[in-house]
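Chain by chain, the residues:
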Amino acid sequence: MSKLPNIGTSIFTVMSKMAHEYNAINLSQGFPNFPVDERLVNIVAGLAKKDVHQYLPMAGYPPLLEKIALLVLNSYGRILHPETEILVTAGATQAIFATIQALIEIDEDVIILDPSYDCYEAPVLLCKANPIRIALNEDYTPNWERIEKACSPKTKMIIINNPHNPTGKILTELDFEALGNILMKFPEIILLSDEVYEYITFEEKHISAHTRSQLLNRCVMVSSFGKTFHVTGWKVGYLVAPEHLMKEIKKVHQFLVFSVNSLSQVAISEYLDLVSVQEISSMYKEKRDYFRLLLTNSRFELKPCEGTYFQVASYSAISPENDVEFCKRLITEHGVAAIPISTFYENKKDLHLIRFCFAKDNATLEQAAKRLCSI
Ligand code: PMP
Ligand code: GLN
């Protein structure tokens, strides 16, 4: 008997594998293909010869905890206690898993907004709890009325993802007001805020849950150095939670990984002294604008992209196929891999939309766009 009978292989794995098999340009799974900052590479090379290869403390390398606190202070003005409120995790995925395992009990409800990233549902199911999936509006704004209606004394958590994968949407002040009102009415609900793309927003500034003082004693915020520093394969992230929740999360974390790999923690800690996270958005804005420009003469209709490194596009003018079939044919016949958006919905709602990752060097974007414009 399977504990997760309806969970299959992640669409990112499926599409990347297929891209590899057909030697297609891989704009599916989200990862950068440009070189990592040389300063970070040099730090790693230097550290490899030093004494950094044994277990670090369970919650993280103490200087890194201090620097995360400083990063949050500089970015959002929030003061954190590194020893009690920050946990270094094996990527955001593990942060989310540990949080859900620690805080959700049998038969409780967890609200997830569709289209949703794929790592929220399975940990909820493993708790024998109920993922309650609520569709965003057509313009990808949250439907707060519908969300409030879904809340009850059984609701234990609302998961938000801001900036949003796959749609690139970001939350506004009005969204936070509406969310705040719901949370005031349901004081037992915990907010899990997945902000892995916090440093990748364009015209509008990212509003972090860190800045909502009235929510902080019931909010778990998750981030990923994989996204921030273009090292997705390192699988290092962190979570911030108030001490009473953190105590429970650490109980799970210590038996899930105990502590995160030492070399990358020390490297990131040193790198944080050199780098400015505020420059990341402008680099990705250039990429977004360039990719969109390259596709101007294609038959794809590009949706707005306010943040993240994903561009959603409609292929309605090209084909009536469903999005999974279209993505497969895009690989086999046109040599470009993308992600079908229907896979982010509980009911696999197909709106003929696909997602491209533009975190690529210009040559890759140009080559991909050439192929996409010929369709
Ligand atoms: N949340 C979102 C919205 C993501 O896109 C990702 C993907 N990378 C993650 C969480 C997981 O991040 P990590 O690779 O650090 O586990
Ligand atoms: N977050 C990445 C994406 O959205 C995928 C990461 C993974 O494959 N688990 O493409």
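Scroll up for the structure.
Position labels on residues start from 1 in each chain and follow its written sequence. Each chain is given a letter, starting from A, and each ligand a number, starting from 1, according to the order in which they appear as written. Per-residue local features of the predicted model are confined to residues with pLDDT of at least 70, and side-chain atom pairs are confined, for both listing and counting, to 80 or more; whole-chain, interface and lining totals are unaffected and use all residues. Note: side-chain values were computed over all heavy atoms of the structure, leaving out hydrogens and water.

**Observations regarding the overall build of the chain**
For step 1, the next point in the chain: Check the secondary structure of the chain and you find 14 helices and 13 strands.
For step 2, the next point in the chain: Scaling as 2.2 N^0.38, a compact globule of 375 residues should have a C-alpha radius of gyration of about 21 Å, and the chain matches this with 20 Å.
For step 3, the next point in the chain: Accessible area is worked out with a 1.4 Å probe on protein chains only. A residue is then buried under 20% of its type maximum, exposed over 50%, and partly exposed in between. The proportion of buried residues among the 375 residues of the chain is 57%.
For step 4, the next point in the chain: Excluding contacts between residues fewer than 6 apart, the proportion of contacts in the chain whose partners are at least 24 apart in sequence is 75%.
For step 5, the next point in the chain: In this description, accessible areas are obtained by the Shrake-Rupley approach with a 1.4 Å probe, and a residue is regarded as covered only by the protein chains that are shown. Just so you have it, the chain exposes about 16,500 Å², and 53% of that area is on carbon and sulfur atoms. Note on conventions: DSSP H or I runs of at least 4 residues are helices, E runs of at least 2 residues are strands, and numbering of each starts at the N terminus. Here the globule rule reads 2.2 Å times residues to the power 0.38, and the radius of gyration is calculated from C-alpha atoms. Whether two residues are in contact is decided by their heavy atoms, any of which lying within 4.5 Å being enough.

**Topic: the pairing of strand S10 (residues 310-314)**
When a strand is regular, its side chains alternate between the sheet's two faces.
For step 1, the next point in the chain: Burial of S10 is extensive: 5 of the 5 residues sit out of reach of the surface.
For step 2, the next point in the chain: On S10, burial covers both faces: Phe310, Val312 and Ser314 on one face and Gln311 and Ala313 on the other are all buried.
For step 3, the next point in the chain: At least two bridges found by DSSP between two strands is the condition for calling them paired. By the bridge criterion, 2 bridges tie strand S9 (residues 301-302) to S10 in an arrangement that is antiparallel. Residue pairing for S10: glutamate 301 is matched across the bridge by serine 314.
For step 4, the next point in the chain: Across 5 bridges, the pairing between S10 and strand S13 (residues 353-357) is antiparallel. When the bridges of S13 are listed, valine 312 appears paired with arginine 355.

**Considering the site of ligand 1**
For step 1, the next point in the chain: Residues are classed as near a molecule or strand on a simple rule: at least one heavy atom within 4 Å of it. In the vicinity of ligand 1 there are 13 residues, among which Thr93, Asp194, Tyr197, Lys227 and Lys235 approach most closely.
For step 2, the next point in the chain: In the model, an oxygen atom of ligand 1 is placed 2.8 Å from a nitrogen or oxygen of the alanine 92 main chain.
For step 3, the next point in the chain: Between ligand 1 and the protein, one listed contact pairs an oxygen atom with a side-chain N or O atom of tyrosine 197 at 2.6 Å.
For step 4, the next point in the chain: Protein chains bury 94% of the 390 Å² of accessible surface belonging to ligand 1 in isolation.
For step 5, the next point in the chain: A total of 3 residues in the shell around ligand 1 trace back to one element, the largest contributor, which is helix H5 (residues 91-103). Nitrogen and oxygen atoms within 3.5 Å of one another constitute a polar contact, given that in protein one can donate a hydrogen and the other can accept it, and given that sequence-neighbouring residues count only through two side-chain atoms.

**Things to note about the packing of helix H3 (residues 62-76) against helix H11 (residues 262-271)**
For step 1, the next point in the chain: One can describe the packing of H3 onto H11 by two numbers: an axis separation of 9 Å at closest approach and a directional angle of 40°. Compared by their axis directions, H3 and H11 come out oblique. Handedness of the crossing formed by H3 with H11: left-handed. Judged by residue contacts, Pro63, Leu64 and Lys67 of H3 engage Gln265, Ile268, Ser269 and Glu270 from H11.
For step 2, the next point in the chain: Counted by class, the contact of H3 with H11 contains 3 nonpolar, 2 polar and 2 charged residues. Each axis is a line fitted through C-alpha atoms, taken for helices only over the stretch in contact, and angles between the N-to-C directions span 0 to 180 degrees. Reported orientations rely on four angle classes, namely roughly parallel under 35 degrees, roughly antiparallel over 145, roughly perpendicular from 65 to 115, and oblique for the rest. If you view the pair so one helix is near and one far, a crossing is left-handed when the near helix is turned anticlockwise from the far one by less than a right angle, and right-handed when it is turned clockwise. Under the grouping applied here, Gly and all other residues not named as nonpolar or charged are polar, the nonpolar ones being Ala, Val, Leu, Ile, Met, Phe, Trp, Tyr, Cys and Pro and the charged ones Asp, Glu, Lys and Arg.

**Remarks on the sheet that holds strand S12 (residues 339-340)**
For step 1, the next point in the chain: Here 4 strands make up an open sheet; going across it, the order is S9-S10-S13-S12 and the pairing antiparallel. Of all the strands in the sheet, just S9 and S12 have a single pairing partner and so form its edges.

**Regarding the pattern of salt bridges**
For step 1, the next point in the chain: Salt bridges, as used here, are contacts in which a Lys or Arg side-chain nitrogen is within 4 Å of a carboxyl oxygen on Asp or Glu. In this structure the tally under the stated criterion is 18 salt bridges.
For step 2, the next point in the chain: Here lysine 156 ties to glutamate 108 by a salt bridge, and the two come within 3.6 Å at their closest N and O atoms. A residue pair is termed long-range when its members are at least 10 positions apart, and lysine 156 in strand S5 (residues 155-161) and glutamate 108 in the loop between H5 and strand S3 (109-114) qualify at 48 residues.
For step 3, the next point in the chain: Assessed through its relative accessible area of 17%, lysine 156 is described here as buried.
For step 4, the next point in the chain: Residue glutamate 108 is classed as buried on the basis of its relative accessible area of 18%.
For step 5, the next point in the chain: One connected set of salt bridges, linked through shared partners, spans Glu203, Lys285, Arg288 and Asp289.

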